[in-house]
Structures are given as C-alpha cells and as structure tokens.
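Chains, contacts and geometry: an overview
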Amino acid sequence: MQKTTIRAGSNIAFIKYWGVADAAINLPLSNSISMTLDNAHTTTTVEWVERGLERDEIILDGKRLENAAAARLTDHLDRLRAVAGADYRARVMSVNNFPMASGIASSASGFAALTVAGVRALGLELDATRLSALARRGSGSASRSLFAGFVEWERGADDATSIARQLYPPAHWDLRDVVVVVSSAPKHVSSAGGHTLAATSPLNQGRVTSAEAGLSQVRAAIRTRDIDRLGPVIEQDALAMHSVMMTSTPSLLYWQPGTLEVLQAVRAWREFDRLPAYFTIDAGPNVHLICEADTVTPLLERLSALACVKRTIVSGPGPAPYAVDEHLF
Ligand code: DP6
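Residues numbered from 1 in each chain as written. Predicted model: local features only at pLDDT ≥ 70, side-chain atom pairs only at ≥ 80, totals over all residues. Heavy atoms only, no water.

1. Let's talk about the packing of helix H2 (residues 106-121) against helix H3 (residues 128-138)
How two helices pack is summed up by the angle between their axes together with the distance between the axes. Relative orientation of the contacting elements H2 and H3 amounts to 125 degrees, with a least axis distance of 9 Å. One finds that H2 runs oblique with respect to H3. Crossing handedness for the pair H2 and H3: right-handed. Judged by residue contacts, Phe111, Ala112, Thr115, Val116 and Val119 of H2 engage Leu131, Leu134, Ala135 and Gly138 from H3. Classifying every residue of the contact of H2 with H3 by side-chain character gives 7 nonpolar, 2 polar and no charged. (Axes fitted to C-alpha atoms, helices over the stretch in contact; angles between N-to-C directions. Helix = DSSP H or I, 4+ residues; strand = E, 2+ residues; numbered from the N terminus. Parallel < 35°, antiparallel > 145°, perpendicular 65-115°, else oblique. Left-handed = near helix turned anticlockwise from the far one by under 90°. Contact = heavy atoms within 4.5 Å. Nonpolar A, V, L, I, M, F, W, Y, C, P; charged D, E, K, R; others polar.)

2. Focus on the pairing of strand S7 (residues 89-96)
Side chains Ala90, Val92, Ser94 and Asn96 project from S7 onto a buried face, and the interleaved Arg89, Arg91, Met93 and Val95 project onto a face without burial. Two strands pair when backbone bridges link them, and strand S4 (residues 32-49) and S7 are joined in this way by 8 bridges, in the antiparallel orientation. Directly across from Glu47, in S7, lies its bridge partner Arg91. Of the pairings in the sheet, the one linking strand S5 (residues 57-60) to S7 comprises 4 bridges and is parallel in character. Paired with Glu57 across the bridge in S7 is Arg91. (Buried < 20%, exposed > 50% of the residue type's maximum accessible area, 1.4 Å probe, protein only. Pairing = 2+ DSSP bridges.)

3. A look at the packing of aromatic side chains
One pass over the full model with this rule turns up 2 aromatic pairs. Taken together, a centroid distance of 4.7 Å and an interplanar angle of 65 degrees make the contact between Tyr17 and Trp153 edge-to-face. Placement of Tyr17 in the loop between strand S1 (4-15) and strand S2 (20-22) and of Trp153 in strand S8 (residues 150-153) is noted, with a sequence separation of 136 residues between them. A single burial state applies to Tyr17 and to Trp153, both of which are buried. (Phe/Tyr/Trp six-rings, centres within 6.5 Å; stacked < 30°, edge-to-face > 60°.)

4. Some words on H2
The end-to-end C-alpha distance of H2, which contains 16 residues, comes to 22 Å, matching closely the 22 Å that a straight helix rising 1.5 Å per residue would cover. Along H2, 13 of the 16 residues are buried, which leaves the element largely enclosed by surrounding structure. Gly123, located one to two residues past H2, shows a positive phi value of around 80 degrees. (Expected span 1.5 Å × (residues − 1).)

Here it is in structure tokens:
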C-alpha cells in the first residue's frame, strides 16, 4: 500500500444524466455525453492504514467532515475496501481548484479522484472501465470523468455494464466551457436527491425520448466539429431536463433571475452579433456557455457588461485522471 495523489477533471454534460432506473447503483434512464474539463479539477490524496485509526479521516477543502457529511465518502471507501477484501481505514485529503458553489460538479471530479487514488493506494490495478463503474456508485457523473476529452456514459443494464468510454480525445476539438456564475448560494436539493424525483414529473418520459434522439446528433456534431449543430441540441436537452425538474413533486426550481438574463443575452448575441455560443445548465443557477476557442474573448467582453455575472471560469477539453507527485499531506 502506498500513499497516492490523483487529479481528476470535472465534466460538463451535453446530453444530461437526470433520473435513475436503479437508485442503489446509480443506473441512469438514458446515456449521457460530456466533455471532461481541464480547468476545474479535484486533487485527492489517499493513504490506507492497517491499524490505529478508528474511522476514516476526511478533509475536504480544509474542512474535516464528520458523521452525515462524511457518510457519502465513507460509503464509497467501503466499496473500495470491498474490492480489496480489506478492512483498512483511510486518510483522505481533497481540494478543488474551483469554488464548490460555482455550478461545476465537484462530485464528478471528487468521486473520480477518490476512486482512482483509493484503488491505487490499495496497490490494485483496475482498468479505466472498471474504475468508471466504481466511480459511478459514488456519483453518476463521476463515471464520465474517468476519461479524457469527449465521453459517453452507456446506460447499461447492471452494475458491470453501466460504464463510460471515450468518444474522442481532447485534441479532437478545441471547445470551451465558459461557466457564468450568477449566484453562489448553496443549492437546496442535491442532484442525488433530485434523480429519484424525475419519475414524478409528467414530462419525464418525453425528456428521456428526446435525450435518446439527441445522442446521435451530439455524436455527429462532435465528430464533425460543428458548433451550430451541437448548440441547439444541448440547449434543448438542458431546457427539457429543467422542465422535468420544475414539474417534479416536489418541484425543483434551480434558476435565479441572473440565469434567465444570461440565457436571453446569449441568444441575442447569437442572433444580432453572430456569436456562436450556446448554453447548458446543470442542477443549479449558473450557466455553462459552450463555444469554440476563438469565441471566448468576445464572449467574456460581453459577459463583463452584465451586472448579474459574478465570475467566469473557462475550461477546455481535459485529460483523464493522472497521478500528482506532491501529496496533500
Ligand atoms: C445535472 O448525481 O452525478 O449535472 O448529485 O452532484 O453527485 P451529484 O451529481 P450526479 O448528477 C449530475 C446531474 C447533472 C447532469 C449531468 O452531469 O449529466
């Protein structure tokens, strides 16, 4: 066993994961497609100890997690212990290079980094597919962060077959995700809680059907590097997912006034200024604008004139999780 430090990128989904067929293993209702991010990552150090520790010690962004806050992570450490058939305790320290409430999924990069670091620290060699299935159990979207560039998570039928794979490496397309932070208030309902609500929406089945149709369009748009083909499909899927959220019981309303202001602005810039940028939104109020690299500067200029914009974070297509020499402790 060896102390191990891994850095993993978060990801932004073009066709979203929303709703579960089996909540116990995070088996989704449909496939999803994402881009792994190069400028929004989690770095995690894991060390397993055979004796002397009563429970796992977990420090996240400088704060020690206790009881309920630690449970989701200790549950995941239990999965890693089960793979090794061992009863060790873990010391875990983890830092994000982006603010938690920025609208970037810290659980995707966090569970990807924890899975890879935890498995390697146990001295086990698992391939990326197996690691993807394990990471999925911690957080569904983490299954996609096991791979570089453009990634599809296959819904699958069970724990072994619900796995992600790479569609194209990062160098395939110089795409950007510009996160527009309009609110840093913490969210009321975690995505994990929200997935089980999707089935209560009368719109859920329609959204699953349209997401399935969107997959082939998104694959083709990425293959041909066609932003004007990709954009309308990702906007529609994000709006369909939020329609499901809004019409669930209880209703999930993640948007803030700034969210709508950015959506209206980006559509106006497209129409009147021919600026090829398109939006998507995760389970929160902040907006992700997807565009090609040369659109970033004119886009940031326009965004800086909007009063609702608190900050922006720009990422390109990122690498698969990789080892870092410097440990966090
Ligand atoms: C809206 O269950 O992976 O980002 O609850 O933070 O673990 P956590 O997230 P997860 O759901 C992510 C849902 C989404 C869409 C997506 O990334 O596909």
